[in-house]
Structures are given as C-alpha cells and as structure tokens.
Amino acid sequence: MKLVHKDIEKDNAGQVTLIPEEAEDMWHTYNLLQVGDSLRASTIRKVQTESSTGSVGSSRVRTTLTLCVETIDFDSQACQLRVKGTNIQENQYVKMGAYHTIELELNRKFTLAKKVWDSVVLDRIEQACDPAQKADVAAVVMQEGLANLVLVTPAMTLLRAKVEVTIPRKRKGSCTQHDKALERFYEAVMQGILRHFSFDVVKCILVASPGFVKDQFISYLFKEAVRQDCKILLENRSKFMVVHSSSGHKYSLKEVLCDPAVTARLSDTKAAGEVKAFEDFYKMLQQEPDRAFYGLAHVERASEALAVDILLISDKLFRHQDIATRSRYVRLVDNVKENGGNVRIFSSLHVSGDQLNQLSGVAAILRFPIADVSEAEEDSSSDED
Amino acid sequence: GVSAETPSKSLAMNEDSAAPTPTRPTGKSKQQLNIRAELEKRQGGKPLLNLVVIGHVDAGKSTLMGHLLYLLGNVNKRTMHKYEQESKKAGKASFAYAWVLDETGEERDRGVTMDVGMTKFETDSKVITLMDAPGHKDFIPNMITGAAQADVAVLVVDASRGEFEAGFEAGGQTREHGLLVRSLGVTQLAVAVNKMDQVNWYQERFRDIVSKLGHFLKQAGFKDSDVFYIPTSGLSGENLTTRSKVADLTAWYTGPCLLEQIDAFKPPQRSVEKPFRLCVSDVFKDQGSGFCVTGKIEAGFIQTGDKVLAMPPNETCTVKGITLHDEALDWAAAGDHVSLTVTGMDIIKINVGCIFCDPKEAIRACTRFRARILLFNIEVPITQGFPVLLHYQTVSEPATIRKLVSVLHKSSGEVLKKKPKCLSKGQNAVVEIQTQRPVALELYKDYKELGRFMLRYVGSTIAAGVVTEVKGSTYPPFPTKHIVILYSSAFFDIAS
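Sequence order as written defines the numbering, with residues in each chain counted from 1. The naming scheme follows written order: chains are lettered A onward, ligands numbered 1 onward. This being a predicted model, a pLDDT of at least 70 is required before a residue's local features are given, and a value of 80 or more before pairs of side-chain atoms are given or counted; all residues contribute to the totals for chains, interfaces and linings. Hydrogens and waters are ignored; side-chain quantities use all the structure's heavy atoms.

Per an unreviewed UniProt entry, chain B is named HBS1-like translational GTPase, and its organism is Cyprinus carpio. UniProt annotates chain B under Catalytic activity (unreviewed entry) with the comment "GTP + H2O = GDP + phosphate + H(+)". UniProt positions are given in the numbering used here, feature names are shortened, and annotations may be inferred rather than shown by experiment. Per UniProt, the comment on chain B under Subcellular location (unreviewed entry) is "Cytoplasm".

By the naming in an unreviewed UniProt entry, chain A goes by Protein pelota homolog and is assigned to Cyprinus carpio. Of the comments in the UniProt record for chain A, the one headed Subcellular location (unreviewed entry) reads "Cytoplasm". What UniProt states about chain A under its Sequence similarities (unreviewed entry) heading is, verbatim, "Belongs to the eukaryotic release factor 1 family. Pelota subfamily."

Right, here's the structure in full:
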C-alpha cells in the first residue's frame, strides 16, 4: 500500500490518503475501516439521464464520492472490499444522503477520515505501507484423496482450492482401481496448482503430506510436465519443496510452517512468526499455568497488575463495530505497550489466528504468575446453545 | 412406507410362524433365533473372528502372516515362487512372504504396508478375517480403521537386540498400537515375539520382553488372563502353524504355536438382534450397474433385496448382492466383513465413513456431540477451540473441542471441576466436540461397538472417548420407532 498523504494527530480527528497495490492491501483496509468513518474514492454510479425529448435512459458515470460508512463487506476469496454508505458531499450525480456502494479498486487512491485515530489503526497503516520484502508462499497440504491448496501471504492464508476424491482401497488381487483413482487425484491437484498459483508472485511451493503421497505426487507432476511440455512447471521446478505433515487438512499448515527446513528457506513469513508465538503460549500454559491467561476479563486483570509480557490478540476484535468494546481492546493494547510489554496482533485469516479466535481472541504470557482466582460461574466467554 | 416393509421381511425368514407378525420385537426375535441358526449352519459350526495384526514398523507383521497363510495352504505354490523371484530381483528377497499381503506397487517398492491388507483363513474351530495393519506412524489413520473392525488382535514385536526397545520407547508404535487397539474395544491379545531366531531363541530375552510388555499392557487395560505370548520367527516359519521342533526353543517353551493360540480366542457376542449397521470402509465401481461398498456389519443382519439408508447423506438404496470373502451370499450378519452391491443411489454421495443402516431404525447424524474422554500422554494442554482429528469407525474428520465441560475423577467418575481452563495428560473429562461436516454416530450406551472414537493431533493420538450425548443439528429420519411400537401393541392384543 502506498501512503500519499497523511494528516493525523494521535487520538484526534484526521485523514489519510492511500493507494492499495495488491490483494493484501484490501485486507488491511478492511481492518482500518469503521462504521461512521468517511471514505472518499472514485467509483461508478448508474445515473438516470433524461434527454430533451423526455425519454429516460441510464448511463454509467465515473465520479468521486465521499461516503459516511455504514456497512463493510470483505470477500476473502476474491479479496474485494465493498463499502456501503450515505453520500455526505455535494456531487453532480448523487444527492446528499443517497446510498451508494463503493467497491475499492486496486491502484486507485482513496481518502479515509476518522474522528479518532488510535494506536492500533496507526500501526496497521505503518504495516501496510512497509515496503519490506513480502514473501508469498504457496502450499499443497495433502493426503490420499484430499488436498488443500493454500496461498500464504503475510496477513492472510487463503484457501484457493480443495480437491476431495474417494480412492478405493487395495483389495485382494485387484489394485488397479486404487492406482487409477490415485492418478486422477494427482491430475486434479496438478490442474489446481496450474490454475490458482501465479508463479511470478509465489516464492516457494510447499508440498506436504504424511507418508509417501508427496513424493509420489512430485514425481507424477514432473513426469507429466515433461510429457505435456509444460514450460511453466519445468522452469519453476526449484521452487517446489517437499515437507512432512501429519495430515492433509488445512490446520496441518501450522506444522509445515514450523518445520526448520521451511523457515530456513523463507526469510520472513509473518505467519510462521505468529505460529511460534502461539506455540510459546501453549508451552507456558502447560509448564506454568499461572503465567498464561486467556479471555478478556482475565487478561485485563493481568494487565492492571502490570504483569503482561506478551499480549496475543486477534485482529477480529478490532473489527468490532461497537465502539465501546473496541476502545476497551485498544486500551488494553496501549496499557501493555506502556508497561514495556510486546503486542502481537494475529491475523484472523491465518491458521494460528483462527485458533486464537476460538480461544476468545485474546491471550497473554505474563512476567510473573498470578493466582488464578477464576470462578467458573462468571466466565465471560459465550455460552450459546 | 413403514409397515409395508416389515411384514414381508419377517415372513421371508419366518415361514413357519402362524399369525402374520409385522411387529418388530416378536418378529425380530423369531428371526434372531433363525439367523443365529443360519449363521451356525453356514460356518459349519465355526464362528467368525475378525483379527487385526499390529505392531511397530518392521516388526515383521506382513512376513509373519504371509508365511502363516502359505503354510496353511492359502497361497498357491506357483504364486509364492513368483513372489520369491520378483522380490529377489527387486533386491527385497526377505520380503517375499510380505508380498502375499502387500499388493500395491508402492508397498512393494518401499517394503512398507501402507493400507490394511485383508484376507481370510480357517483354523480348526474358527474362520478368521485377517487384517494386516501398517505399522508406520504416518499410516495410523489406516490402522485405526482396521482395528476398529477387529474382535481380537495379534501384536507383533521384534525380539532382536535394540529393535524391541526402539519400538517400545516413546517414538515407537508398539505402545500407541496397544493403546489404540484397547481403546477400540479389543480385549484379547496374542503377542508374537518375532525374529526369535535372531537371538537364538534365548529364554532370558523372551522373559524380559514379556515382563516389560506385560506391565504396559496391564496399565493399558488388558487383563493378564487375556494376553498370551508366543515366540515366533516369521521368516523361517518356526512356531507358526505347528509347534516348533527347534531344540533351543523346546528346551524351555512348551506353549502353543501362533495358530493354536488364534484358534483358542473366545469369539465375541454378536448383536444380530440390534438394528442393522454397517460402516463403509471402501467404495468402488464394479462390473454391472450400481456400485460396491465394503465394510463390517456391526449389528443386525442384511439380505439381498433389502432397502438400506446411508447416513449422513440421508439417501436410500437397495442391496442387489452380498459378497463375503469372494463368495456370493443371500444374507450376512453382525461380524461379517462384506461387500455389498447397491443400486438406486449415486456413487458420488457415498464416501468412506458413511454408515448404512436400517431405514426404520436409523442412526443419527450430527455436527456436535458430548463425550467422555480419557487423555493420553499429551505434550500440549488442551484448551477450548483446540483443533483435532476425530477418528470414528472408518471416519476421520477435522473437529474442534468446542467446550471443556468438566474434569472427572478417574475411577469414581464424579465431577472434580466444572469449566476447566485446560486439560492435561491423564485426565478424565467431559467435552463437547464439533465437527466440520455431519458425522453419523451412536451413543456408547446403545451400541458399545459404535460409541467409541479417538482424537488425534499432529500425528499422535491424544485421547480416546465414548459418545454420551448428541447435540446441535441432527437430522434423524421420521421417528418410525414410535409408530411400530403402537402397531405392535395393537397386534399383541388381537393375537392374545
């Protein structure tokens, strides 16, 4: 994301102008927007025109609108952001107060104005505009009959395709059905790779599986590549890397990213860093349970006692539209930072962020143990049934 | 319709009943007697036993059983000769016997069993369905499917110096397999202490292994009286089908050979009278219309022409043919491992893990259920939202532990703590599990065999459990049970 103009004072009103450059920037923008903000961007509006003869026609016009944001929609598969709101600035095509949905486009600037800019949002802008190298990793996590094709960027893990095929087992005297089905499965996975992974962006392609499936698949892949003379695969052969995983399900991606061979190859993967922080939390929970807390109430108490060393918090909490709750989380983050603690914001689209969400979204590793006087009765976690 | 089916079914089995009895209870009990008689007749007095062979990788399971089958005459001499030639050519001469059960090219190339190899043989008093399970850690999911269908097990350990230790220590599979097979309900175990020829049939070595294993198996829940230890050599064939004459062994060992021990297993009680349940372990297209599913009948019985319901897809189909060990049959009952040819359904809808059941007393499918679990030696503590892999019968489905309900006392079962923060190793707990897709399952109290499951995480088994309550979205078919009972009571009055 490119920063064009910034006019902000911390905890005061202000505005910022940005240009999203890639899909991930849409995700960052999604995390910046709040209901009640004002967004100014170029968009297309269908306008009713009435000609002099009285006949009505409609045409599509490109204009710049400023909206007061009411609803925000993010499509993670297509990485598209749609913002609906009411018009708050005079415009020759759109009345004041009229509704419009802006679909933010890549490489077109937009201006975002807020009443209050807190630290979390400012951090995200920094993060989004950081021109440091971004590693894009593609991974195929598979087992016999199941494959998940995943794209891992610093802030998102996107499931690009899922291949699921029933493969008949070997039976006494007849293995041909098994072998044929296996070949069909590999073919489908190969097609998935060719279709969903763009080789110029992706730095590395991991193929992970339990057992020998990955080796079988790689040999099939390159045998076919040679046979069909598929240049793109042959040129990018060095990008493929074989790793062990315990299953073909999506969450096995965590293990793959932790594998030392993988981390050595990839310089910066934010995803792997998040996974490591999460594993550390679990280790602490096992060894010294009084130094590992999760759940908002518990962590807040720990923070008041100035005990938080590392705070793990999911970005889902900051997309909370209720301002009071959101500011509560922001206060927590600020508190921890003021007291010399580290804050790690997890992306909900990553596997570890997903798991953190299940665990209430906020967890902390403390500097010293605090007696767990938790009463099960006043547990704040939701109890839907 | 409900009532239309029952009369014809009970009449088909029940030619000599006086009054037409569409009532499930009485009709079924008459059938139950008949079906048991039929079962006895068919097997010539030999009950069926499902045996799984487990153990650490390279303990020699496939070679042991392959050689046993050959000695029993189940493998053609010419075929055996072919295996010997080919394996020698491939540089794997010692694997010749294993090739009887490892049939895929991949397995032979790598010298590893990857999926359960199934075959059958007969002993003096039993008919055995043999399942040779893979020992490698990565293939445990396949091994679980095989073990879930077994009644008894043979645990193979390698007696060679250092090998037994490697399999028995933390990273080896001897322990995990033993635990798994016990958690899946197997109570009788024969331990084949294999490769004894490598240690010259040394008694001390045998005794040492027996004492170490015995201690562990007892902790795992096996009764000492139900575990038997047999010294064997799979490669040379000693002590497999006949008592060995090797002097080094007969000097101190007077017990039975492996085959005799397998013959001595007590066959389990089959619930033929319960509603029909079959867990699908394989789906494939055969010649002719329709397609085939393979699986073990866990309860009840089935005849050609019967309509069955598949859950969770909630689709019905008709059974066109039944095959047991390559023999076509008209009916099959609980305990049989059969192939059913079915018509009237799209093959796409069925996958491994579906359960075929009686449409009138169907199994429930749900995405959320409550269970009592026992945690094994886990490294990471379990918290709310923990992702696991649920292994239930032939199903393996990703799931999360939605809620930690309570921690229970290990022996008394009373609640020690409600809503715990996390669970650690060795604890007994009640949890709520949520699966991504619906799973068909039964409560443990209704069907012992169908109420157990395992939880795995990152390649190791972390817990075993039993289903106590089904919650969340279930889509049970129309509760026909109530109608049938009403129907039956009406008929009872008339009959009496």
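The rest of the description comes next.
**Considerations on the overall build of chain B**
In this description a helix means any DSSP run of H or I spanning at least four residues, a strand means any run of E spanning at least two, and both kinds are numbered starting from the N terminus. A tally of regular secondary structure across chain B gives 12 helices and 22 strands. Residues classed as buried in chain B amount to 57% of the 496 residues present. Whether two residues touch is decided by their heavy atoms; if any such pair falls within 4.5 Å, the residues are in contact. Within chain B, residue pairs in contact and separated by at least 24 positions form 71% of the contacts whose partners lie at least 6 positions apart. Summed over its atoms, the accessible surface of chain B is roughly 20,200 Å², and 51% of this surface lies on carbon and sulfur atoms. When a residue's accessible area, from a 1.4 Å probe over protein chains only, is under 20% of the maximum for its type it is buried; when over 50% it is exposed; and in between it is partly exposed. In this description, accessible areas are obtained by the Shrake-Rupley approach with a 1.4 Å probe, and a residue is regarded as covered only by the protein chains that are shown.

**Things to note about the confidence of the model for chain B**
Residue and element names in this part refer to chain B. Scored from 0 to 100, pLDDT reflects the predictor's confidence in each residue. Counting all residues, the mean pLDDT for chain B is 79, and 85% of those residues have values of 70 or more. Taken as a whole, residues 1–30 scores under 50 in pLDDT and shows 39 contacts with residues more than four places along the chain or in a different chain. Across residues 478–496, where pLDDT falls below 50, the model places 14 contacts with residues more than four positions away in sequence or in other chains. The ipTM assigned to the predicted complex is 0.70, against a pTM of 0.74.

**What to know about the packing of helix 2 (residues 119–129) of chain A against helix 10 (residues 323–338) of chain A**
Residue and element names in this part refer to chain A. Axes, fitted as lines to C-alpha atoms, cover a helix only where it is in contact. Angles between the N-to-C directions of the axes lie from 0 to 180 degrees. One can describe the packing of helix 2 onto helix 10 by two numbers: an axis separation of 9 Å at closest approach and a directional angle of 75°. One finds that helix 2 runs roughly perpendicular with respect to helix 10. Contacts between helix 2 and helix 10 involve Ser 119, Val 120, Val 121 and Asp 123 from the first element and Arg 326, Val 330, Val 333, Asp 334 and Lys 337 from the second. Residue classes in the contact of helix 2 with helix 10 are distributed as 4 nonpolar, 1 polar and 4 charged. For classification, angles of less than 35 degrees are called roughly parallel, those exceeding 145 degrees roughly antiparallel, those between 65 and 115 degrees roughly perpendicular, and all remaining angles oblique. Each residue is assigned to one of three groups, with Ala, Val, Leu, Ile, Met, Phe, Trp, Tyr, Cys and Pro labelled nonpolar, Asp, Glu, Lys and Arg labelled charged, and all others, Gly among them, labelled polar.

**Looking at the sheet that holds strand 2 (residues 14–19) of chain A**
All names here are of chain A. Any two strands with at least two DSSP bridges between them are considered paired. The strand order across the open sheet formed by 7 strands is 1-2-7-3-4-5-6, and the pairing between neighbours is antiparallel. The open sheet has two free edges, formed respectively by strand 1 (2–8) and strand 6 (99–103), since each of these has just one partner strand. For this sheet the average axis-to-axis angle between neighbouring strands, irrespective of direction, equals 35°. Each of strand 2, strand 4 (56–75), strand 5 (80–87) and strand 7 (110–114) is contacted by helix 1 (residues 23–32), which is oriented at about 70° to strand 4, the strand it contacts most. Where helix 2 meets the sheet, its contacts fall on strand 1, strand 2 and strand 7, and the angle it forms with strand 1 comes to roughly 155°.

**As for the confidence of the model for chain A**
On average, residues of chain A score 83 in pLDDT, and 92% of them reach the 70 mark or higher. A low-confidence stretch, residues 375–385 of chain A (pLDDT under 50), is modelled with 12 contacts involving residues beyond four sequence positions or located in other chains.

**Here we look at the sheet that holds strand 14 (residues 308–314) of chain A**
Residues and elements named next belong to chain A. Here 4 strands make up an open sheet; going across it, the order is 13-16-14-15 and the pairing mixed. On the outer flanks of this sheet lie strand 13 (292–294) and strand 15 (342–346), each paired with one strand and no other. This sheet shows a mean twist of 15° between the axes of neighbouring strands, independent of strand direction. Relative to strand 15, strand 14 is paired through 5 bridges, and the arrangement is parallel. Residue pairing in the sheet places Leu 312 in a bridge with Arg 344 of strand 15. Packing of helix 10 onto the sheet brings it into contact with strand 14, strand 15 and strand 16 (362–366), and relative to strand 14 it is tilted by some 150°.

**A closer look at the pattern of salt bridges**
Side chains that differ in charge, positive against negative, can pair when their charged atoms come close. Residue and element names in this part refer to chain B. Salt bridges are defined as contacts in which a side-chain nitrogen from Lys or Arg sits within 4 Å of a carboxyl oxygen from Asp or Glu. Scanning all chains against the criterion turns up 36 salt bridges over all chains. For Arg 368, the salt bridge goes to Glu 432, with nearest N and O atoms at 3.2 Å. In this pair, Arg 368 is assigned in strand 16 (residues 364–375) and Glu 432 in strand 20 (residues 428–441), connecting sequence segments 64 residues apart. There is no split in this pair, since Arg 368 and Glu 432 are both buried. By relative accessible area, Glu 432 is classed as buried at 0%.

**Observations regarding the environment of B:Ser62**
All names here are of chain B. The residue Ser 62 is located in helix 3 (residues 61–71) in this model. By relative accessible area, which is 7% here, Ser 62 ends up buried. Once the C-alpha coordinates of Ser 62 and Tyr 97 are considered, the two residues, 35 residues apart in sequence, prove to be 7.2 Å apart. If we skip the residues at most four places from it in the chain, Ser 62 touches Tyr 97, Ala 98, Leu 101, Asp 102, Thr 113 and Asp 132. At 2.7 Å, the side chain of Ser 62 and the side chain of Asp 132 are in polar contact. Any pair of N or O atoms that falls within 3.5 Å is considered a polar contact. Within protein, one atom must be able to donate a hydrogen and the other to accept it, and sequence-neighbouring residues count only if both atoms are side-chain atoms.

**Some details on empty space enclosed by the protein**
All names here are of chain B. Cavities and pockets were defined on a 1 Å grid built from protein atoms only: a cavity is a group of points that admits a 1.4 Å probe but offers it no way out, a pocket is an open group of points flanked by protein on both sides within 12 Å along at least five of seven lines, and a lining residue is one with an atom within 4 Å of any such point. Grid points are joined across faces, edges and corners, and a volume is the space filled by probe spheres set on the points. This model, assessed by the stated rule, comprises 8 cavities of 30 Å³ or more. Empty space within the largest cavity amounts to approximately 60 Å³. Within the residue set of the lining of the largest cavity, elements represented by two or more residues are strand 4 (152–158) and helix 7 (163–168). The element best represented in the lining of the largest cavity is helix 7, accounting for 4 residues. Residues of the lining of the largest cavity, tallied by class, amount to 6 nonpolar, 3 polar and 3 charged.

**Considerations on the side chain of B:Thr341**
By the element assignment, B:Thr341 lies in strand 14 (residues 337–343). In this view, B:Thr341 contacts B:Ser289, B:Phe291, B:Cys292, B:Thr318, B:Val319, B:Lys320 and B:Gly321; residues no more than four positions away in its chain are not counted.

**A word on the interface of chain A and chain B**
Contacts between the two partners involve 40 residues from chain A, matched on the other side by 54 residues from chain B. Buried area counts how much accessible surface, traced with a 1.4 Å probe, disappears from two parts once they are put together, with both parts' losses summed. Around 4,000 Å² of area is buried between chain A and chain B when both sides are counted, 49% of it from carbon and sulfur atoms. Among the residues chain A hides against chain B, the three largest losses belong to A:Arg169, A:Lys170 and A:Phe212. Together they make up 20% of the total. Counting the contacts that link chain A with chain B gives 1 salt bridge. Of the charged contacts, one joins A:Glu164 and B:Arg437 as a salt bridge, the two residues approaching to 3.0 Å between their closest N and O atoms. At the junction of chain A with chain B, the criterion picks out 7 residue pairs in polar contact (both at pLDDT 80 or more). Mapped onto the side of chain A that touches chain B, the elements with two or more residues apiece are helix 3 (176–196), helix 4 (213–228), helix 6 (253–258), helix 8 (270–287), strand 13 and helix 11 (351–358) of chain A.

**Quick look at the state of the cysteines**
Residues and elements named next belong to chain B. Working definition: a disulfide is two cysteine sulfur atoms within 2.5 Å of each other. Going through the model one piece at a time under the given rule, you end up with 0 disulfides over all chains. The structure places no disulfide on Cys 366, whose sulfur is separated from the nearest cysteine sulfur, that of Cys 357, by 14 Å. When its relative accessible area of 1% is taken as the criterion, Cys 366 is described as buried.

**A word on the pairing of strand 8 (residues 291–299) of chain B**
Residue and element names in this part refer to chain B. Counting buried residues along strand 8, 9 of its 9 residues qualify, which places the element largely inside the surrounding structure. Across 7 bridges, strand 7 (residues 277–284) lies against strand 8 in antiparallel orientation. Residue pairing in the sheet places Val 283 in a bridge with Val 293 of strand 8. Linking strand 7 to strand 8, which pair antiparallel, is a turn of 6 residues; within it Gly 288 sits at a positive phi near 90°. For strand 8 and strand 14, the ladder comprises 6 bridges, and the chain directions are antiparallel.

**Examining the nonpolar core**
By nonpolar core we mean a set of buried residues, namely Ala, Val, Leu, Ile, Met, Phe, Trp, Tyr and Cys, connected to one another through side-chain atoms within 4.5 Å. By size, the foremost hydrophobic cluster in this structure holds 73 residues, and its most contacted members are B:Leu51, B:Val191 and B:Leu213. Setting aside its immediate chain neighbours within four residues, B:Leu213 contacts B:Leu155, B:Val157, B:Phe164, B:Phe168, B:Thr174, B:Val191 and B:Tyr229. Judged by nonpolar contacts, the second largest core, of 55 residues, contains A:Tyr294, A:Leu356, B:Leu441 and B:Tyr457.

**Digging into the packing of aromatic side chains**
Residues and elements named next belong to chain A. Under the pairing criterion, centres of Phe, Tyr and Trp rings, with the six-membered ring standing for Trp, must be within 6.5 Å; the plane angle then separates stacked pairs below 30 degrees from edge-to-face pairs above 60, leaving the rest tilted. Summed over all chains, the structure comprises 21 aromatic pairs over all chains. Residues Phe 281 and Tyr 282 carry aromatic rings whose centres are separated by 6.0 Å and whose planes lie at 80° to one another, so their mutual orientation is edge-to-face. In this structure, Phe 281 and Tyr 282 share a single accessibility class: buried.

**Here's the deal with the packing of helix 6 (residues 140–148) of chain B against helix 8 (residues 173–183) of chain B**
Residue and element names in this part refer to chain B. Across the interface, helix 6 lies against helix 8 with an axial gap of 10 Å and an inter-helix angle of 35°. Handedness of the crossing formed by helix 6 with helix 8: right-handed. Every residue of helix 8 that contacts helix 6 at Ile 140, Met 143, Ile 144 and Ala 147 is listed here: Gln 173, Glu 176, His 177, Leu 180 and Val 181. By convention, the crossing between two helices is left-handed when the near helix turns anticlockwise from the far helix through less than a right angle, and right-handed when the turn is clockwise.

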